[in-house]
2 protein chains.
Amino acid sequence: MIINKNCILRLSRYKNALTRLKSLGFVKVFSDNLADAVGVASSQVRKDFSLFDIQGKKKGGYLIDELIEKLNIILGKNKVQKVVVLGAGNMGTAMMNYRGFEKEGIKIMACFEIDPEKFNRDAIIPILPLDELKTFIKEHKIKLAILAVPDMAAQQAWGMLKDAGIQGVMNFAPIRLRDAEDYVINNVNLELELENVVYFVNALNRSKAKE
Amino acid sequence: MIINKNCILRLSRYKNALTRLKSLGFVKVFSDNLADAVGVASSQVRKDFSLFDIQGKKKGGYLIDELIEKLNIILGKNKVQKVVVLGAGNMGTAMMNYRGFEKEGIKIMACFEIDPEKFNRDAIIPILPLDELKTFIKEHKIKLAILAVPDMAAQQAWGMLKDAGIQGVMNFAPIRLRDAEDYVINNVNLELELENVVYFVNALNRSKAKE
DNA sequence: TAGATTGTTAATCGATTAACAATC
DNA sequence: TAGATTGTTAATCGATTAACAATC
């Protein structure tokens, strides 16, 4: 069974919608409701569920509590996901302070830096020297990392992460990491995302000018 | 002519690859070279170019300088793109300090905040009260914004941006902005991106366990 | 010229959606 | 029962890639 990235993104969105519905007092839901909430066809919802063997009742829809539970297990939210951050620059610091992760069950355990001036062992999320990376990751059995170092340092940092046993990375450096075949790499390139907005705004204005 | 988001992302990638090739001293390039650099088929490259009426020589390929020039115009990089940031929290601050934008011709003009303690008119990028937003945007003819306020404030902030004449937004709040039909909204949801890594790492380990 | 590369059409591939039998 | 909803198959849609005539 091959699952693509978009499908998983939809599962997360279903889950968020379900949490809202639950907080409004709803107990069950139909594929139609979820489809509306997320903006896809109802058959998409049912197909996504069937890929993960989630079944409803032919006329009664799906029980929200059960559904949330199952989605949480699929998405790995039934246990805390431990993460390290590499680089205590702007993006790394923003990630450490970001409130959104904690409530999604993602716990940032530590940040690793090269600049001694930034070290801080006593912070809630300690900032530690890079050469402690491997020991820390092994000791805490961490599989996930956020890579937020300068572009030039990214490839080398990725080497260290692999060596330490990391399996998945959210990478903010705008380069394609080499030797990453059997690993999970999610590249997030904020320049490109903003450039995209620039293009489509300009295109919008060109088409308006034509009218 | 309908252009999709992925196509524009590829154009940005071609442009980055071309800049590297140029810095290595290359003068011309074939669709095959670019395809390798970006990881698509060479016919994809030629098709993308033909959508924007970019033509090469049947045997001589494309002149790098010319190509970069044309891509820059398409991507709006021939002039400085002015942007405002809403929210001087972690993400907003990270965006203001982010080095990547400047070198891509994107200039953050100001940040707007609700908390008076964060105001700072004298900073290189001033942090100003929200009620100056509209005047500032009109005065500087700004079309783009980065929305980095707390979830609960995002919809209201979007209303203010629209009212001020903003046309495109990179939105970090994990909500779908309402009343955004004729605008360009690019939602960047970092929780979802990291959750995605979580899922695929777990899936990887499950498939390893089976072997 | 022979060989190589473009530009474009046709084929393929994958993902989304529509349709509908099964059934509650 | 009649009506509504699921689960799944088939149809559609869109994007990517292969193929190849044109041509330098």
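## Some details on the sheet that holds strand β4 (residues 106-113) of chain B
All names here are of chain B.
Here's step 1: Ordered by their spatial adjacency, 6 strands build an open sheet running β5-β4-β3-β6-β7-β8, and the pairing between neighbours is parallel. The sheet is open, and its two edges are formed by β5 (127-129) and β8 (184-187), each paired on a single side. The average angle at which neighbouring strand axes cross in this sheet is 25°, direction not considered.
Here's step 2: The pairing of strand β6 (residues 144-147) with strand β7 (residues 168-171) spans 4 bridges and is classified as parallel.

## A word on the protein's contact with DNA strand C
Here's step 1: Residues in close proximity to DNA strand C total 21 residues, the closest being B:Ser31, B:Arg46, B:Gly56, B:Lys58 and B:Tyr62.
Here's step 2: Contact distances for DNA strand C include 3.2 Å between a base nitrogen and a side-chain N or O atom of A:Arg46.
Here's step 3: Measuring from a phosphate oxygen of DNA strand C, one finds a backbone N or O atom of B:Gly56 at 2.7 Å.
Here's step 4: Among the secondary structure elements, those contributing two or more residues to the surface near DNA strand C are α3 (42-51) of chain A together with α3 (42-51) of chain B.
Here's step 5: Counting residues per element, the surface near DNA strand C draws most heavily on α3(A), at 4 residues.
Here's step 6: Partitioning the surface near DNA strand C into residue classes produces 3 nonpolar, 8 polar and 10 charged.

## As for the relation of the copies chain A and chain B
Here's step 1: Of the transformation placing chain A onto chain B, the axial shift is 0.0 Å and the rotation is 180°, giving an RMSD of 0.0 Å. Each copy turns onto its partner about a two-fold axis. By C-alpha distance to the rotation axis, the residue of chain A lying nearest is A:Ala94, at 3.1 Å.
Here's step 2: With an isologous cut-off of 70% or more, the 100% of interface residues of chain A that recur at the interface of chain B puts this contact in the isologous class.

## Here we look at the environment of B:Val169
All names here are of chain B.
Here's step 1: Within the secondary structure layout, valine 169 lies in strand β7.
Here's step 2: A relative accessible area of 0% means that valine 169 is categorised as buried.
Here's step 3: Placed 18 residues apart in sequence, valine 169 and asparagine 187 show a C-alpha to C-alpha distance of 8.2 Å.

## Section: the packing of helix α1 (residues 5-23) of chain B against helix α4 (residues 64-74) of chain B
All names here are of chain B.
Here's step 1: The N-to-C vectors of α1 and α4 enclose an angle of 145°; their axes lie 10 Å apart at closest approach. Of the two possible hands of crossing, α1 and α4 adopt the one that is left-handed. Within the contact between the two elements, α1 uses Leu11, Tyr14, Lys15, Leu18, Thr19, Leu21 and Lys22 and α4 uses Ile64, Asp65, Leu67, Ile68, Leu71, Asn72 and Ile74.
Here's step 2: Its residues placed into classes, the contact of α1 with α4 shows 9 nonpolar, 2 polar and 3 charged.

## A look at the protein's contact with DNA strand D
Here's step 1: Inspection of the region around DNA strand D gives 21 residues, with A:Ser31, A:Arg46, A:Gly56, A:Lys59 and A:Tyr62 positioned closest.
Here's step 2: In DNA strand D, atoms within 4 Å of the protein come from the sugar-phosphate backbone in 60% of cases.
Here's step 3: The separation between a base nitrogen of DNA strand D and a polar side-chain atom of A:Arg46 is 2.6 Å.
Here's step 4: At a separation of 2.9 Å, a base nitrogen of DNA strand D approaches a polar side-chain atom of B:Ser43.

Conventions used here
Residues numbered from 1 in each chain as written. Chains lettered and ligands numbered in written order. Predicted model: local features only at pLDDT ≥ 70, side-chain atom pairs only at ≥ 80, totals over all residues. Heavy atoms only, no water. Pairing = 2+ DSSP bridges. Helix = DSSP H or I, 4+ residues; strand = E, 2+ residues; numbered from the N terminus. Axes fitted to C-alpha atoms, helices over the stretch in contact; angles between N-to-C directions. Near = heavy atom within 4 Å. Polar contact = N/O pair within 3.5 Å; in protein donor to acceptor, adjacent residues only side chain to side chain. Nonpolar A, V, L, I, M, F, W, Y, C, P; charged D, E, K, R; others polar. Least-squares fit on C-alpha atoms with pLDDT ≥ 70 in both. Contact = heavy atoms within 4.5 Å. Buried < 20%, exposed > 50% of the residue type's maximum accessible area, 1.4 Å probe, protein only. Left-handed = near helix turned anticlockwise from the far one by under 90°.

Distances and angles like these do not, on their own, reveal function.
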